[in-house]
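Commentary on secondary and tertiary structure
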Amino acid sequence: MADVEAPLTGGSPSGNVSIGQRVSQTLQVFGISLILGFFVGFGLKVNFMSILLLLILVVVVTQLASCYGIMTVHWKEVRSACKNCLDQDGNGKLDCDDCRMFCAKSFGYALAVGFGLIIGFVCAWYFSSKLSKCG
């Protein structure tokens, strides 16, 4: 009988994954999300005002260029594109049903990705924004 190697997923040849391997995989994902969340939270805390001012500047410059005829902005098309993106059920209105559908999709995503990843990211984001002295 030939030797059978364990699959790369960390399980035994029979396909059973031990509790230790599951805990190890969960802690790896949780640790990565903690690190990522900390850096994103700290970066947003430090650069939030710069990002906000840059966005305001872009809107003002776009509006001024539109007023002077340098460029044409089709605001109705922008509005309809945003509305189509946010309108989950396609009825042409933004209402509570759209919000419910968005929440259900978000919850489904959280279940697919894993709550450890999301919880780690959010916790680290929160603590990094509270602990950082910058901004």
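Before going into details, it helps to say that this report is about the structure given with it. (Residues numbered from 1 in each chain as written. Predicted model: local features only at pLDDT ≥ 70, side-chain atom pairs only at ≥ 80, totals over all residues. Heavy atoms only, no water.)

This part takes up the state of the cysteines. The full count for this structure, using the stated rule, is 0 disulfides. Between C85, a cysteine without a disulfide, and C82, which holds the nearest cysteine sulfur, the sulfur-to-sulfur distance is 7.2 Å. A relative accessible area of 58% places C85 in the exposed class. (Disulfide = S-S within 2.5 Å. Buried < 20%, exposed > 50% of the residue type's maximum accessible area, 1.4 Å probe, protein only.)

A separate point is the side chain of D98. Along the chain, the position of D98 falls in helix α3 (residues 96-113). Contacts of D98, omitting those with residues within four sequence positions, involve L86, D87, Q88, D89, N91 and K93. (Helix = DSSP H or I, 4+ residues; strand = E, 2+ residues; numbered from the N terminus. Contact = heavy atoms within 4.5 Å.)

What follows is about a nonpolar patch on the surface. Nonpolar side chains collect at one region of the surface, where F48, M49, L52, L53, I56, V60, L64, Y68, I70 and M71 lie side by side and expose about 1,000 Å² of accessible area between them. Its place among the elements puts L52 in helix α1 (residues 19-67). (Patch = residues over 30% accessible without salt bridge, like charges linked within 9 Å, V, L, I, M, F, W, Y side chains within 5 Å. Areas by Shrake-Rupley, 256 points an atom, 1.4 Å probe, with all protein chains shown as cover. Salt bridge = Lys/Arg side-chain N within 4 Å of Asp/Glu carboxyl O.)

Okay, the environment of K93 next. Structurally, the position occupied by K93 is in the loop between α2 (75-86) and α3. Classification of K93 by relative accessible area gives exposed; the value is 52%. In this structure, the C-alpha to C-alpha distance between K93 and K83, residues 10 residues apart in sequence, is 8.0 Å.

This next bit is on α2. The periodicity of an α-helix, 3.6 residues per turn, causes residues three or four positions apart to be oriented the same way. Relative to the 16 Å expected for 12 residues at 1.5 Å per residue, α2 spans 16 Å between its end C-alpha atoms, a close match to the ideal helical length. Counted residue by residue, α2 has 0 buried out of 12 residues, so it is predominantly exposed. (Expected span 1.5 Å × (residues − 1).)

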